[in-house]
Amino acid sequence: MLLFLLFLLAAGEAAAAAAATTLTATPAKLTQSDREITIRWSGLPDPDGLDYVGIYSPPTSSDRDFLGYLFLNGSATWRTGAGELTLPRLPNLRAPYQFRLFRWPAREYSYHHIDHDGNPLPHGRHRVAASGEVAFDSPSRPDQVHLSFADGVDEMRVMFVCGDGGRRVVRYGPAKEEGEGWKEVAAEVRTYEQKHMCDSPANSSVGWRDPGFVFDGLMKGLEPGRRYFYKVGSNSSGWSDTYSFISRDNEANETIAFLFGDMGTYIPYNTYVRTQDESLSTVKWILHDIQALGDKPAFISHIGDISYARGYAWVWDHFFNQIEPIAANTPYHVCIGNHEYDWPLQPWKPWWATGIYGTDGGGECGIPYSVKFRMPGNSFVPTGNGAPDTRNLYYSFDSGVVHFVYMSTETNFVQGSDQYNFIKADLEKVNRSRTPFIVFQGHRPMYTSSNEARDFAHRQQMLQNLEPLLVTYKVTLALWGHVHRYERFCPMKNFQCVNMSSSFVYPGAPVHLVIGMGGQDYQPFWQPRKDHPDVPVYPQPERSMYRGGEFGYTKLVATKEKLTLTYIGNHDGQVHDMVEIFSGQVSNNNGVPEVIDDTKLSTGVSTKLKIPVFSLEIVGSVMFALVLGFSLGFLIRRKKEAAQWTPVKNEET
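Since the structure is predicted, the reported quantities are computational estimates derived from the model, not experimental observations.

Criteria and thresholds
Residues numbered from 1 in each chain as written. Predicted model: local features only at pLDDT ≥ 70, side-chain atom pairs only at ≥ 80, totals over all residues. Heavy atoms only, no water. Core = buried A, V, L, I, M, F, W, Y, C linked by side-chain atoms within 4.5 Å. Buried < 20%, exposed > 50% of the residue type's maximum accessible area, 1.4 Å probe, protein only. Helix = DSSP H or I, 4+ residues; strand = E, 2+ residues; numbered from the N terminus. Domains from an automatic or database assignment. Contact = heavy atoms within 4.5 Å. Disulfide = S-S within 2.5 Å. Pairing = 2+ DSSP bridges. Axes fitted to C-alpha atoms, helices over the stretch in contact; angles between N-to-C directions. Phe/Tyr/Trp six-rings, centres within 6.5 Å; stacked < 30°, edge-to-face > 60°. Lys NZ or Arg CZ within 6 Å of the ring centre and 35° of its normal. pLDDT = per-residue confidence, 0-100. Polar contact = N/O pair within 3.5 Å; in protein donor to acceptor, adjacent residues only side chain to side chain.

## Some thoughts on the nonpolar core
- Counting 131 residues, the largest nonpolar core has Phe99, Met219, Tyr230, Tyr332, Phe373, Leu477 and Leu556 as its most contacted members.
- Considering each element in turn, this core owes the most residues, eight residues, to helix α3 (residues 314-327).
- Of the residues that make up this core, three or more belong to each of domain 1 (22-136) and domain 2 (143-586).
- Apart from residues no more than four positions distant in its own chain, Leu477 is found in contact with Ile438, Val439, Phe440, Pro510, Val511, Leu513, Leu556, Leu563, Leu565 and Ile581.
- Residues Trp352, Phe413, Tyr473 and Met545 belong to the second largest nonpolar core, which totals 30 residues.

Printed below as a string of C-alpha cells:
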C-alpha cells in the first residue's frame, strides 16, 4: 500500500512538472518567406543533458515514430530549464509538423534500438510537453522541381511533387514574363503506396511517409540552345516560382557537365541514418559554377547512391529540396545505386553475387527512385513482388560533342542480358564524327584500389562482360561511384596501362575514374596491409594516377578536339586533378573534322597538324629567330606544365 501511494505521489509530481513545462514552435504557418522554425521551452525542472525535442509529421504519429530529434543542450541556456533552438525551413511533407519534449534517463539506453552508427535512439517514453502544429500556408503548392533530358532533342522534362493528384500543368516560353509565345502542357501524375515497399524500414510505420503525388510534364518544340522560362502548378492550387533553362543543342561544339556520385542529403537534426553535411557544399559549388556559365548549357550527372534515404521516406523530400536550386534550372541525370535498390529478394542475384547485393536500399527496392525520376529511354525490370517496375536503369543521349551512356550495376549486365544488348547496340551506332567522345557511367566501379573486397566478384564480372565493349567501341571515359573518394586511373584494359600521361590522344582504352566523393562521409581506406605496421596502406599502384579524399565533383568540358575533366574540391573550389584527352580530330574553317596522326609532343599529345609551308624567300636570319623563339617558348611551356600538373599523389593521411 505504501509503495502504491509513493507511486501515485511520484506520478502526480511528474504530471505537475509536465503541466508547468511549455513548448512552442513558431511560426504556426510557414510562408515562402519563412526560412526557419524556432522552438522554445520553459519551466523544465531538473534539466538533463539527454532531454530532447522530437520532430513529428504528421502530428498523429506515435511518440516512437519520430522523424528526428534535437538535444536541448544545443541551447546555451538549457541548464536553466528554458531555451530555444532553431531549425532551417523543413520540407513540405504534405502534413503539419509537431514538436514534443521528452526526458531520456541514461539508465534507459537500449542498444537494441540504435541508429545507423550504432548509437542508442530515443524511445519516446517520457513526454513532457508538445507544441502546436506548424503547417504550410499552401500545402498543395508544387515543390521539389527538377529537370531532365527526354527522348526528343527538342524536349525537356520537368518533375515536381504536390499534396494532391489534381490537374497540374507546365507553362513555358522564351520570354521571362508569361505571355506571348508561352505554351501550356498537362502533367502526368503518379504515386506509390506503403504496400509497394519491399522490406523494413521502408514499409514500416517508422520509415513510411506519404510521398505525395509526382507530376511529370514534357516541354516540346524547343529551339536548340535557347533559354526558356517555365513554371508549374495550377490556378486553384498555386504555382511554383518561375525557373529557366537552356534547351539541348546536339549540334553545339562544346559540352559542359558536372559529374559525381554518392552525394546524399544534409538533414539539420539527428535521425535514424547518417546524413551527409558535405552534400550542401557540393550543391553550393556546382551552383556557383553554373551561374558563372551564363547562357552556356550544361547538365548534371549523379551516378548512384542518390539521397541515402535507406527506407526513411522523408529523406527524399529533404534531398529534392536541397538540389532544387540547381536541378530546377539544369537537367539532373541519375543512375541507380545499391542504396536505391538492393534488398534481400531482388530478382537478379546470381551465384557470384552472394554477399554483394544486400539490404542497402532499406526496403525501397527502387520504387521511390523509379517514380521520382524519369530518365530518357524505357529500361525497366519487374520488382517481382507486384510493385511498380524499377526504371531508369540504362539509357544514353548525345549532348553536344559527347555521347553519354548510363548503366545499372545492380541489375543484370552480363552477356545475353537486355542491358548488355542495349549497351552493345548503343555503342555500335555512335556517330564519332559528330560525337568524338563517349562517356560511360555506372555506380559500382570496374577499377578501384580501395578496400572494397565485397565487390571483387562483381568487378570480375564487369571486366569479363563489359570491358571488351568499352575497349572495342573506344569509350573515352568510364566513370564510377560507390567508393567515396576520387581516383583516376591511366587508360586501362585488362589491368594494363596504355598511356601514363595526363594529356594525350585517345590511346585505345578508356580512362577509368572513381568519382564517389560527392558528399557521403563514410570514406573507405585504400587497400590495407595488416601485416605491414610500418606501411599499413598498400602503396598506390602504378595504374592509379591520382587518389584524393576531399569531397567535391568533376567538371567536364569538351570540344570536338579535346575533352578535359577536372576534379574540384569543396573546401577550396580549386582544381585538384585534371586529365585531357584529344580526339584526333580538328575542325577546319569549314567545320569539317580532320584526322590528325599519333605523333606526340612532350606532353604526350598527338598533335601533328597541317602546317603552312614557309616561303622559300624567308631569309636564314628570320628562320633562326623563329627557331630560337620557338625553343624559348617550348622551354617556358614545359616549366609552366611542370608547375601546373599535379604529380602522382596519395592524399591518404
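Alright, that's what it looks like, and here's the rest.
## Here's the deal with the side chain of Ser399
- Along the chain, Ser399 turns up in strand β24 (residues 395-399).
- Every residue in contact with Ser399, bar those within four places of it in the chain, is listed here: Asn250, Thr255, Phe299 and Phe404.

## Focus on the state of the cysteines
- Enumeration over the complete set of coordinates arrives at two disulfides.
- Between the sulfur atoms of Cys198 and its disulfide mate Cys365 the distance is 1.9 Å. Its S-S torsion of approximately 70° makes the covalent link between Cys198 and Cys365 right-handed. Pair noted here: Cys198 is in the loop between β14 (188-190) and β15 (213-219) and Cys365 is in the loop between α4 (338-341) and α5 (367-372), with a separation of 167 residues, a long-range link. Take Cys198 and Cys365: they sit in the same class, and that class is buried.
- One disulfide in the model links Cys490 with Cys497; its S-S distance is 1.9 Å.

## Overview of unusual backbone geometry
- The residue after Ser57, namely Pro58, is reached through a cis peptide bond having omega 0°.
- Considering the arrangement of structural elements, one finds Pro58 in the loop between β4 (52-56) and β5 (68-71).
- With phi around 55°, Lys474 is a residue other than glycine that occupies positive phi space.
- With respect to the secondary-structure elements, Lys474 resides in the loop between α8 (467-472) and β27 (477-480).
- When its relative accessible area of 47% is taken as the criterion, Lys474 is described as partly exposed.

## Some remarks on the sheet that holds strand β34 (residues 562-569)
- With mixed pairing, seven strands are arranged side by side in an open sheet as β21-β20-β19-β33-β34-β35-β30. The sheet terminates laterally at β21 (332-335) and β30 (503-505), the two strands that pair on one side only. Between one strand axis and the next, the sheet turns by 20° as a mean value, whatever way the strands run.
- Pairing analysis gives four bridges linking strand β19 (residues 255-260) to strand β20 (residues 299-303), with the strands arranged parallel. From the neighbouring strand, Leu259 faces β20, where its bridge partner is Ser301.
- With respect to the sheet, α3 is in contact with β20 and β21, its orientation differing from that of β21 by roughly 130°.

## A look at the packing of aromatic side chains
- This model, assessed by the stated rule, comprises 45 aromatic pairs.
- With centroids separated by 4.8 Å and ring planes inclined at 90°, the aromatic side chains of Phe299 and Phe404 adopt a geometry described as edge-to-face. You can see Phe299 sitting in strand β20 and its partner Phe404 sitting in strand β25 (residues 402-406), a full 105 residues away along the chain. Taken as a pair, Phe299 and Phe404 share a single burial class, namely buried.
- What links up through ring pairs into an aromatic cluster is the set Tyr52, Tyr56, Phe66, Tyr69, Phe71, Phe102, Trp104, Tyr109, Tyr272, Tyr312 and Trp314.
- Here the guanidinium or amino end of Arg100 rests over the ring plane of Tyr56, the centre of that ring lying 3.9 Å away.
- Of note, Arg248 hangs over the ring of Phe149, and the distance from its end group to the ring centre comes to 4.6 Å.

## Digging into the confidence of the model for the chain
- On average, residues of the chain score 88 in pLDDT, and 87% of them are at 70 or above.
- Counting contacts from residues 589-653, a segment whose pLDDT is below 50, to residues more than four positions away or on other chains yields 81 contacts.

## A word on the sheet that holds β4
- What the four strands build is an open sheet, ordered β5-β4-β7-β8; its pairing is antiparallel. Where the open sheet ends on each side, the last strands, each with one partner, are β5 and β8 (126-130). In this sheet, neighbouring strand axes are inclined to one another by 30° on average, regardless of whether the strands run parallel or antiparallel.
- As paired elements, strand β7 (residues 98-103) and β8 share four bridges and run antiparallel to each other. Of the residues in β8, the one forming a bridge with Arg100 is Ala130.

## With respect to the side chain of Thr554
- By the element assignment, Thr554 lies in strand β33 (residues 552-558).
- Of the polar contacts made by the side chain of Thr554, one reaches the backbone oxygen of Leu259; its length is 2.8 Å.
- Not counting chain neighbours up to four residues away, the residues in contact with Thr554 comprise Ala257, Phe258, Leu259, Tyr486, Ile515, Met517, Leu565, Thr566 and Tyr567.

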